[in-house]
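These are the residues of each chain, in order.
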Amino acid sequence: MSNGQVAFEYEAQNVSPETLATLGEGHIAYVKQIRSEDVPGLFPEAPKIAPGLKLFALHAADGTPIMLTDSREAAIANAWSNELQAVSVH
């Protein structure tokens, strides 16, 4: 593939959740849209946020939350500034 993208296929029954979680560790992060109601569980130190807001969380490949923002672009920029390849999760 060109432009630095990596493609792979796997059989779900052959890959453990632990193996999948470590895939790309240290190099890949993912951006996930969340609701403000989900913030306390992911970012316990975050200040109280009004309910009903659409936010974006940047996570390490293993699921560890890295940052919270109100724009997908800011989450991607933070990943790039930390030399991480950002991918989106739906």
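Residues numbered from 1 in each chain as written. Predicted model: local features only at pLDDT ≥ 70, side-chain atom pairs only at ≥ 80, totals over all residues. Heavy atoms only, no water.

Enquirer: Account for the overall build of the protein chain, with residues named and values stated.
Expert: For the protein chain, the helix and strand inventory stands at three helices and four strands. The N-to-C order of helical and strand elements in the protein chain reads α-β-α-β-β-α-β. Relative to its full complement of 90 residues, the protein chain shows a buried share of 22%. Within the protein chain, residue pairs in contact and separated by at least 24 positions form 44% of the contacts whose partners lie at least 6 positions apart. As displayed, the protein chain has an accessible area near 6,600 Å², and 55% of this comes from carbon and sulfur atoms. (Helix = DSSP H or I, 4+ residues; strand = E, 2+ residues; numbered from the N terminus. Buried < 20%, exposed > 50% of the residue type's maximum accessible area, 1.4 Å probe, protein only. Contact = heavy atoms within 4.5 Å. Areas by Shrake-Rupley, 256 points an atom, 1.4 Å probe, with all protein chains shown as cover.)

Enquirer: Could you give an account of the sheet that holds strand 1 (residues 28-35), with specific residues and numbers?
Expert: Strand order across the open sheet formed by four strands is 3-2-1-4, with mixed pairing between neighbours. Since the sheet does not close on itself, it has two edges, and those belong to strand 3 (65-69) and strand 4 (85-89), each with one partner. Going across the sheet, the axis of each strand differs from the next one's by a mean of 30°, ignoring polarity. Note: strand 1 against strand 2 (residues 54-60), seven bridges, orientation antiparallel. What sits directly across from Gln 33, in strand 2, is Phe 56. (Pairing = 2+ DSSP bridges. Axes fitted to C-alpha atoms, helices over the stretch in contact; angles between N-to-C directions.)

Enquirer: Explain the environment of Asp 70 to me, using residue names and the numbers behind them.
Expert: With respect to the helices and strands, the residue Asp 70 is situated in the loop between strand 3 and helix 3 (72-81). C-alpha separation for the pair Asp 70 and Ala 57, spaced 13 residues apart in sequence, amounts to 8.7 Å. For Asp 70, the residues in contact, after removing those within four places along its chain, are Lys 54, Leu 55 and Phe 56.

Enquirer: Explain the nonpolar core residue by residue, including any values.
Expert: In terms of nonpolar packing, the biggest core is built from 10 residues, these being Ala 29, Val 31, Phe 56, Leu 58, Met 67, Ala 75, Ile 76, Ala 79, Leu 84 and Ala 86. Among the elements of the structure, strand 1, strand 2 and helix 3 are those that each provide at least two residues to this core. Among the elements that line this core, the one with the most residues is helix 3, at three residues. With residues near it in sequence (within four places) discarded, Leu 58 still touches Ala 29, Tyr 30, Val 31, Thr 64, Pro 65, Ile 66, Met 67, Ala 75, Asn 78 and Ala 79. Ile 34, Val 39, Phe 43 and Leu 55 belong to the second-largest nonpolar core, a separate cluster that totals five residues. (Core = buried A, V, L, I, M, F, W, Y, C linked by side-chain atoms within 4.5 Å.)

Enquirer: Now, about helix 3: what can you tell me, with residues and values included?
Expert: In an α-helix, one turn spans 3.6 residues; hence positions three or four apart end up facing the same way. Inspection of helix 3 places Ala 75, Ile 76 and Ala 79 among the buried residues, and these make up the whole buried set. All buried residues of helix 3 lie within an arc of 95° about the axis, which places them on one face of the element. Set apart from the buried face of helix 3 by more than 90 degrees, the exposed residues are Glu 73, Trp 80 and Ser 81. Remark: Glu 83 follows helix 3 within two positions and exhibits a positive phi of approximately 55°. (Arc of directions from axis to C-beta.)

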